[in-house]
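Okay, here's what each chain looks like letter by letter:
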Amino acid sequence: MHNFARSTAASDCLRASDPDLFAALRAEENRQAEGIEMIPSENYCFPEVYPLLGSVFNNKYSEGYPGRRYYGGQENTDRIETIARDRAKALFRAEYANVQPLGGSAMNQAVYFGLLQPGDTVLAMDLSHGGHLTHGAPVSHMGKVFRFIRYKSEVPSGRIDLEKVRALALEHKPKMVLCGFSSYPRELDYAGFKRIADEVGALTFADVSHIGGLIAGGALANPMDVGFDVMSTTTHKSLRGPRGGLIVAKQKFGAALDKSVFPGLQGGPHMHQVAATATTLLLASSESFKAYARQVIVNAKRLAEVLVAGGADLVTGGTDNHMMVVTTTQTFGLTGAESETTLDEVGITVNKQLIPDDPNPPLRPSGIRLGTPAATARGMDEAAMETLGGIVLRALRAPKDLATLQALHAETKALCAKFPVPGLVDDA
Ligand code: DSN
C-alpha cells in the first residue's frame with residue numbers, strides 16, 4: 001500500500017502561494033497562544049481534529065446516509081459516519097444520532113422542520129434572557145415560520161421560574177417545549193420541563209450546545225436520561241470538536257430527522273467535519289475528558305467567587321456550569337462593549353452580553369459573558385482562575401490607564417506561556 005498521506009509541506013505550499021493568508025494564519029495562532037479565550041462558547045479543539053479537518057475527506061460528496069448514498073466511492077465515508085453515529089448514541093445514551101448538521105442553526109432548523117409543521121407553537125427561552133437566536137428570535141427565519149412563545153428568567157434573581165413556564169404552556173398548548181440557552185449560568189431542571197411538556201402533550205427538545213461536552217463528560221445532567229425526545233448540540237464548544245452540530249433522539253423520530261437534515265435542509269455533508277466529529281466523540285468518552293468536564297465547572301465556580309469577592313455583580317450570583325454573566329455597568333461603570341474592548345487590551349477575550357431585561361441595546365449591552373472551557377483545555381486550574389480573575393477586576397477598574405493595561409497584558413502572556421494551546425507548538 002502506498003502512503004498518500006498529505007505532505008507536511010502543505011503549509012510551506014500555502015506560505016508560497018498565498019503569503020497574506022499564511023501571515024493571517026500565523027497571526028491568529030499567535031493571538032490564540034498568547035492570549036486566553038474566555039468566551040464560553042469557544043474552545044481549543046482536540047489536536048486530533050486538525051488533521052481530519054484538513055484531510056482528503058474534504059474532497060468527497062456524500063449525499064445520503066451510510067449504505068444509501070447518491071454518489072460512488074463511499075467505502076471510507078460510510079465507515080466514518082457509521083462510527084460517528086454509533087459513538088454519539090453511546091456517549092449521549094440515545095437510540096438515534098445524526099452527525100451531518102453543518103452547525104448549530106442548521107441543526108435546530110432540522111429539528112423544527114422534522115418534527116413540526118409551519119405555524120406550530122414552540123415554547124422556548126427568550127433571546128434577551130439567555131436563549132439563542134434559533135430559539136425563535138423574531139429576526140431568525142425560524143421565528144417567522146413557527147410560532148414561538150418565549151419564557152424569560154426572573155429579574156433580579158436571573159433564574160427560570162418553572163411555574164411561569166408551566167402557566168405559558170397551559171395557556172398556549174405548544175407542540176414542543178424547548179430548553180437550552182446561550183447565556184444562562186445555572187443547571188436546568190430537565191425533569192421539570194418534561195413534566196410540563198407531558199401535561200400539555202408537547203415534544204421535549206433540549207439544545208445543549210454550550211454544555212454538550214459537560215454532559216458527555218458526566219459533569220452535568222443529560223436530558224435524554226429523563227426521557228427527552230430530542231437533543232441537539234454543537235460539536236465545537238465544550239465538546240472540543242470541529243465546528244458543526246449533531247442531533248440525538250428517540251429512534252421513533254429518526255426517519256423524520258434524517259429526512260429533515262438531508263434532503264430537507266442540507267445537500268452534501270462535510271465529511272471532513274464528520275470525520276473530526278467521530279474522533280471528538282471517542283476522545284470525549286475517555287476518563288481524562290470526564291476529569292476535564294469536572295474541572296471546567298470547578299474553574300468556573302472559582303472564577304465566579306474571585307469576581308464576586310472583587311465586587312463584581314454576577315447574574316444569579318454565581319454559576320453551576322461553565323459560564324458567568326457579569327453586569328459591568330454598575331460596578332465598573334462600563335458597558336459590555338467597553339468591557340470587552342478593555343479585556344482585549346490585556347489579552348483576555350470575552351463577549352459583550354445582554355443581561356435579563358437589559359435597558360441597553362445588544363451592541364452596547366450591560367454585561368459580559370465569561371467561561372472556562374478553553375482555559376481548562378489548556379490545563380489551567382483554580383490558581384490560574386485566581387490570577388485571571390484578578391487581571392479582569394484590575395483591568396475593568398482602570399480601563400483608561402494604559403500603563404496598568406500593559407502590565408496586565410504581560411501578566412496574561414506569562415500565564416498563557418505556562419499553559420500552551422493543545423496542538424500549537426512554539427516553533428520560534
Ligand atoms: N454563538 C454562540 C454563543 O456564543 O453562545 C451560540 O451560537
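Heads up: the structure comes first, above all this text.
Residues numbered from 1 in each chain as written. Predicted model: local features only at pLDDT ≥ 70, side-chain atom pairs only at ≥ 80, totals over all residues. Heavy atoms only, no water.

**Structural notes on the pattern of salt bridges**
One pass over the structure, following the stated rule, counts 20 salt bridges. The partner of aspartate 229 in a salt bridge is lysine 250, with the nearest N and O atoms 3.0 Å apart. One end of the pair, aspartate 229, is in the loop between α9 (212-216) and β9 (230-234); the other, lysine 250, is in the loop between β10 (245-249) and α10 (254-265), with 21 residues separating them in the sequence. One continuous salt-bridge network, built from bridges that share partners, spans Arg69, Asp78 and Glu81. (Salt bridge = Lys/Arg side-chain N within 4 Å of Asp/Glu carboxyl O. Helix = DSSP H or I, 4+ residues; strand = E, 2+ residues; numbered from the N terminus.)

**Digging into the pairing of β10**
Burial within β10 is extensive, with 5 of its 5 residues counted as buried. Along β10, one buried face is formed by Gly245, Ile247 and Ala249 and the opposite face, lined by Leu246 and Val248, is buried too. Of the strand pairs in this sheet, strand β4 (residues 96-98) and β10 are connected by 3 bridges, and their pairing is antiparallel. What sits directly across from alanine 97, in β10, is valine 248. (Buried < 20%, exposed > 50% of the residue type's maximum accessible area, 1.4 Å probe, protein only. Pairing = 2+ DSSP bridges.)

**Regarding the site of the ligand**
Taken together, Ser41, His132, Ser182, His210, Lys237 and Arg369 make up the full set of residues adjacent to the ligand. A distance of 2.8 Å separates an oxygen atom of the ligand from a polar atom in the side chain of serine 182. In this structure, histidine 210 approaches the ligand through a side-chain N or O atom, which is 2.7 Å from an oxygen atom. Surface burial for the ligand is 65%, taken as the share of its 230 Å² of free accessible area covered by protein chains. Here the ligand occupies the second largest pocket. (Near = heavy atom within 4 Å. Polar contact = N/O pair within 3.5 Å; in protein donor to acceptor, adjacent residues only side chain to side chain. Areas by Shrake-Rupley, 256 points an atom, 1.4 Å probe, with all protein chains shown as cover. 1 Å grid on protein atoms, 1.4 Å probe; cavity = no way out; pocket = protein on both sides within 12 Å on 5 of 7 lines; lining within 4 Å. Sits in = over half its atoms within 2 Å of the grid points.)

**Description of unusual backbone geometry**
Across residues other than glycine, the phi torsion is negative in most instances, and most of the peptide bonds are trans. Cis rather than trans, the peptide bond between valine 155 and proline 156 has omega equal to 15°. By the secondary structure assignment, proline 156 is in the loop between β6 (147-151) and α7 (162-172). Residue proline 263 is reached from phenylalanine 262 by a cis peptide bond, and omega for that bond is 10°. Tracing the chain through its elements places proline 263 in helix α10. Positive phi, close to 45°, is recorded for lysine 173, a residue that is not glycine. Phi angles above zero are rare outside glycine, and arginine 240 is one such case at about 65°. In this structure, arginine 240 sits in the loop between β9 and β10. For arginine 240, a relative accessible area of 8% gives the class buried.

**Here's the deal with the packing of helix α5 (residues 104-115) against α10**
Interhelical geometry of α5 versus α10 gives an angle of 120° and a closest axis separation of 8 Å. The handedness of the crossing between α5 and α10 comes out as right-handed. Residues Ala106, Gln109, Ala110, Val111, Phe113, Gly114 and Leu115 of α5 pack against Ala256, Leu257, Ser260, Val261 and Leu265 of α10. Partitioning the contact of α5 with α10 into residue classes produces 9 nonpolar, 3 polar and no charged. (Axes fitted to C-alpha atoms, helices over the stretch in contact; angles between N-to-C directions. Left-handed = near helix turned anticlockwise from the far one by under 90°. Contact = heavy atoms within 4.5 Å. Nonpolar A, V, L, I, M, F, W, Y, C, P; charged D, E, K, R; others polar.)

**Some remarks on the nonpolar core**
Nonpolar side chains in soluble globular proteins generally cluster together in the buried interior. Counting 95 residues, the largest nonpolar core has Phe92, Phe193, Ile348 and Met380 as the members making the most contacts within it. The element best represented in this core is helix α12 (residues 287-309), accounting for 10 residues. Residues in contact with phenylalanine 92, not counting those within four places in the same chain, are Gly212, Ile215, Ala216, Asn222, Met224, Met231, Thr233, Leu239, Leu246, Val248 and Leu281. Listed in part, the 24 residues of the second largest apolar core include Tyr65, Leu116, Met142 and Ala249. (Core = buried A, V, L, I, M, F, W, Y, C linked by side-chain atoms within 4.5 Å.)

**Brief notes about the sheet that holds strand β15 (residues 367-371)**
As summarised here, the arrangement of the 4 strands in space is β11-β12-β15-β14, forming an open sheet in which the pairing is antiparallel. The strands lining the two open edges of the sheet, one partner per strand, are β11 (313-314) and β14 (351-353). In terms of strand pairing, strand β12 (residues 323-327) meets β15 through 5 bridges, oriented antiparallel. Counterpart to threonine 327 in the pairing with β15 is glycine 367. The sheet strands contacting helix α14 (residues 336-345) are β14 and β15, and the helix crosses β15 at an angle near 45°.

**Focus on empty space enclosed by the protein**
Counted by the stated rule, this structure contains 1 cavity of 30 Å³ or more. Space inside the largest cavity adds up to approximately 60 Å³. If you go around the largest cavity, you meet 15 residues; those closest to its centre are His129, Gly130, Ser183, Val315 and Pro356. Of the residues that constitute the lining of the largest cavity, the class distribution is 8 nonpolar, 7 polar and no charged. (Points joined across faces, edges and corners; volume = space filled by probe spheres on them.)

**Quick look at the sheet that holds strand β7 (residues 176-180)**
Read from one edge to the other, the open sheet built from 7 strands follows the order β4-β10-β9-β8-β7-β5-β6, with strand pairing classed as mixed. Each of the sheet's edge strands pairs with one partner strand only, and the pair in question is β4 and β6. Taken over all neighbouring pairs, the strand axes of this sheet differ in orientation by 20° on average, direction set aside. Two elements, strand β8 (residues 203-207) and β9, share 3 bridges in a ladder whose sense is parallel. Its bridge partner being in β9, alanine 206 is matched across the sheet by methionine 231.

That's the geometry; what it means functionally is another story.
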